[in-house]
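# Report on the structure
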Amino acid sequence: MIQMLYNFLESFAYIAFAAVGMSVIYGMTGITNMAQGEFLMIGATICCFTVNYLKVPFALAVLMSVAGTAVLGVLIDRLVLKRLYNRPGDSLICTYGVSLALMQIGTIVIGTAAPSISAPFGLVELGSRSYAVYKFFLIGLSLLIFFALYMIFNRSRFGLYARATMQRRDIANSLGINVNKMNILIIVLASALGGLAGAMYAPTISVTGAYGSNFITHAFVAVIIGGANPLVGTFIAAMVLAVVESSMSYMFGAFFGRIGMLVVAIMIIRILPDGFSGLAERLSAKHLIRK
């Protein structure tokens, strides 16, 4: 039971880190950003090189990764993404092209693999098994990110403007909200989240030019079944997919775990075309009507 619970939490953190940045962009701008995995790759690369060659502490390297990907996000938004708002199909194709270009650039810069980073904190024994403390740290951090985003989107003026922009862009613009500014800020936030995820997983996964491909399938599936709400939908999607993948992987192996996750995702899309976000909104509306 301890092993299954650990597998579930580890899988949840992995999916959450992979999907949260992509879901924020999709929910706010309607862009299906297939290049989000490469933001993770760039964040991991910055972290690895700064730790090994500049000899900075790991925590500072993570902050540098976040800042670097945020700046890159603004650059790509101005060059590509600003023409693709609310065009999910077109944005999927264009950002896939950006993904391929960044992947090749990453392969040229990194080579066979970036210098490795040792995972901090060591091991802890639970029962008859040893577990990496750093993995528990990642689990806790993934939950903290969701909490922080909840506070940002529901307890701040920025969050109020962001939710208004997400729901009715035209009305938000007519009420004086600078929609273009909100778009840039959302891109910066999503890019920074990608850099954070990439840097945090750099000690656990070999960093190559294809580093982002480790995450993009999980991110895409979670965003699609999660729906437009970047918090509720993504959180529920990560929970459901983590249950399926961790249990299937534990019983039949990692390959069947991923296959099971994709099959369940197809079933959920069939039953809930609007994803878990749509389900949550309908349940909330029914609750308000009953009151």
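Overview of the structure. (Residues numbered from 1 in each chain as written. Predicted model: local features only at pLDDT ≥ 70, side-chain atom pairs only at ≥ 80, totals over all residues. Heavy atoms only, no water.)

### Some points on helix α2 (residues 36-53)
For α2, built from 18 residues, the straight-helix expectation of 26 Å at 1.5 Å per residue is met to within 8% by its first-to-last C-alpha distance of 26 Å. Downstream of α2 by a residue or two, K55 has a phi angle that is positive, lying close to 60°. (Helix = DSSP H or I, 4+ residues; strand = E, 2+ residues; numbered from the N terminus. Expected span 1.5 Å × (residues − 1).)

### Some details on helix α8 (residues 179-201)
For α8, which comprises 23 residues, the first-to-last C-alpha distance of 33 Å matches the rise-based estimate of 33 Å (1.5 Å per residue) to within 8%. Most of α8 is tucked away: 18 of the 23 residues are buried. Two to three positions downstream of the cap, the backbone nitrogen of N180 sits 3.3 Å from a side-chain oxygen, assigning the N-cap of α8 to N178. (Buried < 20%, exposed > 50% of the residue type's maximum accessible area, 1.4 Å probe, protein only. Polar contact = N/O pair within 3.5 Å; in protein donor to acceptor, adjacent residues only side chain to side chain.)

### Considerations on the packing of aromatic side chains
According to the stated counting rule, one finds 18 aromatic pairs in the structure shown. An aromatic cluster is present here, built from Y14, F17, Y201, Y211 and F215 joined pairwise through their rings. (Phe/Tyr/Trp six-rings, centres within 6.5 Å; stacked < 30°, edge-to-face > 60°.)

### Some details on a nonpolar patch on the surface
A cluster of nonpolar side chains, namely M1, M4, Y250, M251, F252, F255, F256, I259, L262, V263, M267 and I271, defines an oily patch on the protein surface of about 1300 Å² accessible area. Put simply, the parts of the chain that give the nonpolar patch at least two residues each are α10 (232-252) and α11 (254-271). With 7 residues, the single largest contributor to the nonpolar patch is α11. Here Y250 lies in helix α10. (Patch = residues over 30% accessible without salt bridge, like charges linked within 9 Å, V, L, I, M, F, W, Y side chains within 5 Å. Areas by Shrake-Rupley, 256 points an atom, 1.4 Å probe, with all protein chains shown as cover. Salt bridge = Lys/Arg side-chain N within 4 Å of Asp/Glu carboxyl O.)

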